[in-house]
Amino acid sequence: MPGSVGAFGPLEIVGLVVVIAVLYTIAVNLITTWRSAMGAGSAHRRAMEQWHARVEQAKLKRAEAEKPEEGWAGFRKFKIGKKIPETKDLCSFYLVPHDNKPLPEFKPGQFLTFRLNIPGQPKPVMRCYSLSDAPRPDYYRVTIKRAPGLSSCFFHDVLKQGDILDVRAPGGDFFLDMNKDRPVVLLGGGIGLTPVLSMLNEITKRGMKLETWFFYGMKNGTEHAQKKHIETVAAANPNVKLNICYSQPDPAKDAQGRDYQHASRVTVDLLRKLLPSSNYDYYLCGPPPFMESLVTGLQKWGVPDENVHFEAFGPATVKKKEAASGAPKGTGKVTFAKSGKTIEWSGKETCILDFGEANGLKLNCGCRAGNCGECAVAIQGGEVEYGKSPSFKCDKGTVLTCLSVPKGDCTIDA
Ligand SMILES: Cc1cc2nc3c(=O)[nH]c(=O)nc-3n(C[C@H](O)[C@H](O)[C@H](O)COP(=O)(O)OP(=O)(O)OC[C@H]3O[C@@H](n4cnc5c(N)ncnc54)[C@H](O)[C@@H]3O)c2cc1C
């Protein structure tokens with residue numbers, strides 16, 4: 001074709017160039033718009049992320065500010081909100097903070113220390129009681145057995161709803177580690193139910209699927225505390241294996257299968273029969289024979305010491321375990337500075353408190369298990385040593401006479 005370049009004429013080429021230019025401009029504009037939109041989008045996203053982060057930080061700060069303090073120093077006033085009989089000899093006390101401020105959480109298994117002004121007593125009486133329920137925001141609960149003695153009778157016979165008590169913050173090293181995911185065996189004998197019930201309640205309150213064997217031993221139905229509650233908890237949580245042991249069931253009132261599972265004490269033989277293996281963490285609390293037979297039996301069964309956790313409510317069990325674990329025997333002379341007596345350590349007693357009392361001295365004491373701090377005295381010279389480290393943390397320069405023995409000659413302010 002004349003005047004054409006290949007298939008296109010000059011006009012067509014100009015038109016094509018114009019079309020390409022227009023298309024190019026449109027494409028460039030589109031890309032620019034898309035890029036800036038994307039840029040704006042990511043800027044917006046970044047801004048949103050920063051905003052969310054700030055909101056989260058503010059939330060955390062607020063939660064932190066609202067979180068109850070970790071315990072409290074000294075004593076805090078609590079009102080008895082409710083006093084509920086559990087059995088003939090057991091009574092539960094629901095304690096609410098008198099200042100209405102939030103309650104700090106505790107670890108299931110820990111105890112409270114009470115300073116009681118008991119009429120007729122020359123000075124306040126100090127006693128520890130385990131928390132018997134899971135941590136709750138509005139109350140602490142203790143369950144007390146009539147011993148009979150000063151404090152338990154005061155709680156049972158004198159104290160009533162509305163009374164005010166001085167209470168030290170929850171403490172103690174015997175508690176269930178809620179971060180561990182190991183199956184547990186909880187064993188309570190008599191009033192030793194209290195700390196292990198707190199553990200059971202916390203496991204089930206949290207909806208944990210942790211394999212939990214619960215053994216509770218007592219004489220018969222007359223001593224069976226929290227029966228309905230424990231049965232309900234076990235029925236609602238298939239991971240809880242309930243084993244109630246009556247050592248002397250009353251054939252007229254107690255029915256095996258309905259009220260209890262085993263007509264025996266809680267023993268290691270029973271554990272060996274029921275548990276698929278010994279590979280559990282064991283938490284136990286109960287009277288001295290219960291503790292001694294179970295701790296020794298578990299050792300014999302090959303359960304490592306670090307998997308056996310126990311709480312003693314009194315001194316007898318502690319002494320036995322300490323002696324068994326090769327606690328220091330003590331040596332030297334003890335000078336009781338206030339009493340003006342220096343006495344050669346006999347080696348017969350397992351702590352300075354018993355040693356002083358055996359030699360006619362009257363020394364301050366409370367729980368006799370290293371928990372309440374009532375027997376703390378200043379050490380003026382020399383050193384003492386402990387078989388078991390006390391859960392009460394002493395100030396520098398003071399020692400607990402209920403768990404310590406002299407490490408050579410020493411002088412204490414007592
Ligand atoms: C960490 C820890 C946790 C504890 N948790 C609990 C708990 O949850 N529940 C609970 O109930 N206890 C618990 N205890 C035990 C509690 O602290 C007291 O030891 C117990 O209540 C006895 O104190 P008391 O003042 O009544 O007896 P005390 O006056 O100290 O007398 C001690 C013992 O002497 C005998 N006795 C004293 N007076 C008489 C008398 N007039 N007639 C006959 N015998 C007498 C009794 O056997 C009595 O138990 C716990 C102890 C510790 C160390």
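Note that residues are indexed from 1 along each chain, following the sequence as it is written. In keeping with the predicted nature of the model, local features appear solely for residues at pLDDT of at least 70, side-chain atom pairs appear and are counted solely at 80 or more, and the whole-chain, interface and lining totals rest on all residues. Water and hydrogen atoms play no part in the side-chain values, which are based on all heavy atoms of the structure.

## Remarks on the overall build of the protein
When helices and strands are counted, the protein shows eight helices and 18 strands. Any two residues whose heavy atoms approach within 4.5 Å at even a single point are treated as in contact. In the protein, the share of contacts with a sequence separation of at least 24, taken over all contacts with a separation of at least 6, comes to 66%. Accessible area of the protein: about 22200 Å², with a carbon and sulfur share of 56%. Secondary structure elements are taken from DSSP: a helix is a run of H or I of four residues or more, a strand is a run of E of two residues or more, and numbering for both begins at the N terminus. Note on areas: these come from Shrake-Rupley sampling with a 1.4 Å probe, and a residue is covered only by the protein chains present in the view.

## Thoughts on the site of the ligand
The full set close to the ligand counts 21 residues, and Cys128, Tyr129, Lys145, Ser151 and Ser152 are the nearest of them. One of the backbone nitrogen or oxygen atoms of Cys128 is found 2.6 Å away from an oxygen atom of the ligand. Backbone polar atom of Ser151 to an oxygen atom of the ligand: 2.7 Å apart, as the coordinates give it. Among the detected pockets, the ligand sits in the largest pocket. Listed by contribution, the elements that provide at least two residues to the shell around the ligand are strand E4 (125-130), strand E5 (140-145) and helix H2 (150-158). Here the shell around the ligand takes four residues from E4, the largest share from any one element. Nearness of a residue to a molecule or strand requires only that one of the residue's heavy atoms be within 4 Å of it. Think of a polar contact as two N or O atoms within 3.5 Å of one another; within protein, one of them needs to be a possible hydrogen donor and the other a possible acceptor, and neighboring residues in sequence only count if both atoms come from side chains. Here a cavity denotes grid points, spaced 1 Å and computed from the protein atoms alone, that fit a 1.4 Å probe unable to get out, and a pocket denotes an open set having protein on both sides within 12 Å along at least 5 of 7 lines; residues with an atom within 4 Å of a point are the lining. Assignment to a cavity or pocket requires that more than half of a molecule's atoms be within 2 Å of the site's grid points.

## Concerning the pairing of E4
Each regular strand shows side chains that alternate between the opposite faces of the sheet. Of all six residues making up E4, five are buried, and the element is well covered by its neighbours. Here a strand pair is declared whenever DSSP counts at least two bridges between the two strands. As defined by bridge partners, strand E3 (residues 111-116) adjoins E4 across six bridges and the pair is classed as antiparallel. Along E4, the bridge assignment pairs Leu116 with Val125. Three labels apply to residues, based on accessible area from a 1.4 Å probe with only protein chains included: buried if under 20% of the type maximum, exposed if over 50%, partly exposed otherwise in between.

## Here's the deal with the pattern of salt bridges
Should their charged atoms come close, side chains of opposite charge can pair. One side-chain nitrogen of Lys or Arg within 4 Å of one carboxyl oxygen of Asp or Glu is enough to make a salt bridge. Inspection of the entire model under this criterion finds 19 salt bridges. A salt bridge links Lys123 to Glu374; the shortest N-O distance between them is 3.9 Å. One end of the pair, Lys123, is in the loop between E3 and E4; the other, Glu374, is in the loop between helix H8 (352-358) and strand E14 (376-381), and 251 residues separate them in sequence. Its relative accessible area of 39% is what places Lys123 among the partly exposed residues. Taking the shortest distance from any N to any O, the salt bridge between Arg368 and Asp354 comes out at 3.1 Å. On the criterion of sequence distance, the pair formed by Arg368 in the loop between H8 and E14 and Asp354 in helix H8 is long-range, its members being 14 residues apart. We classify Asp354 as buried; its relative accessible area is 13%. Each of Lys227, Glu231, Arg258 and Asp259 takes part in a single network of salt bridges with overlapping partners.

## Some words on the confidence of the model for the protein
Confidence scores here are pLDDT values: one per residue, from the predictor, ranging 0 to 100. Taken residue by residue, the protein gives an average pLDDT of 89. The fraction at 70 or more is 89%. In this model residues 1-5 is a low-confidence stretch, pLDDT under 50, and it forms three contacts with partners more than four residues away in sequence or in other chains. The low-confidence segment residues 63-67 (pLDDT under 50) makes one contact with residues lying over four places distant or belonging to another chain.

## Observations regarding the pairing of strand E13 (residues 341-344)
Pairing analysis gives four bridges linking strand E12 (residues 333-336) to E13, with the strands arranged antiparallel. Note that in E13 the partner of Val334 across the bridge is Ile343. Following E12, the chain reverses through four residues before pairing antiparallel with E13; Gly340 in that reversal takes a positive phi of roughly 70 degrees.

## Some remarks on the sheet that holds E12
Strand order across the open sheet formed by five strands is E13-E12-E18-E14-E16, with mixed pairing between neighbours. Of all strands in the sheet, those bounded by a partner on one side alone are E13 and strand E16 (398-400). Across the sheet, the mean angle from the axis of one strand to that of its neighbour is 35 degrees, orientation sign disregarded. Bridge count for E12 against strand E18 (residues 410-412) is three bridges, and the pairing is parallel. What counts as an axis is a line fitted to C-alpha atoms, over the stretch in contact for a helix, and the angles between N-to-C directions run from 0 to 180 degrees.

## Observations regarding the layout of surface pockets
Estimates place the volume of the largest pocket at around 1000 Å³. Surrounding the largest pocket, 42 residues form its lining, Tyr129, Lys145, Ala147, Ile191 and Phe313 being those nearest its centre. Those elements giving two or more residues to the lining of the largest pocket turn out to be E4, E5, H2, strand E8 (212-218) and helix H7 (315-324). Per-element tally for the lining of the largest pocket: the top contributor is E4, with four residues. Taken together, the residues of the lining of the largest pocket sort by class into 17 nonpolar, 17 polar and eight charged. Grid points are joined across faces, edges and corners, and a volume is the space filled by probe spheres set on the points. Gly is put with the polar residues, along with every residue not named as nonpolar or charged; the nonpolar set is Ala, Val, Leu, Ile, Met, Phe, Trp, Tyr, Cys and Pro, and the charged set is Asp, Glu, Lys and Arg.

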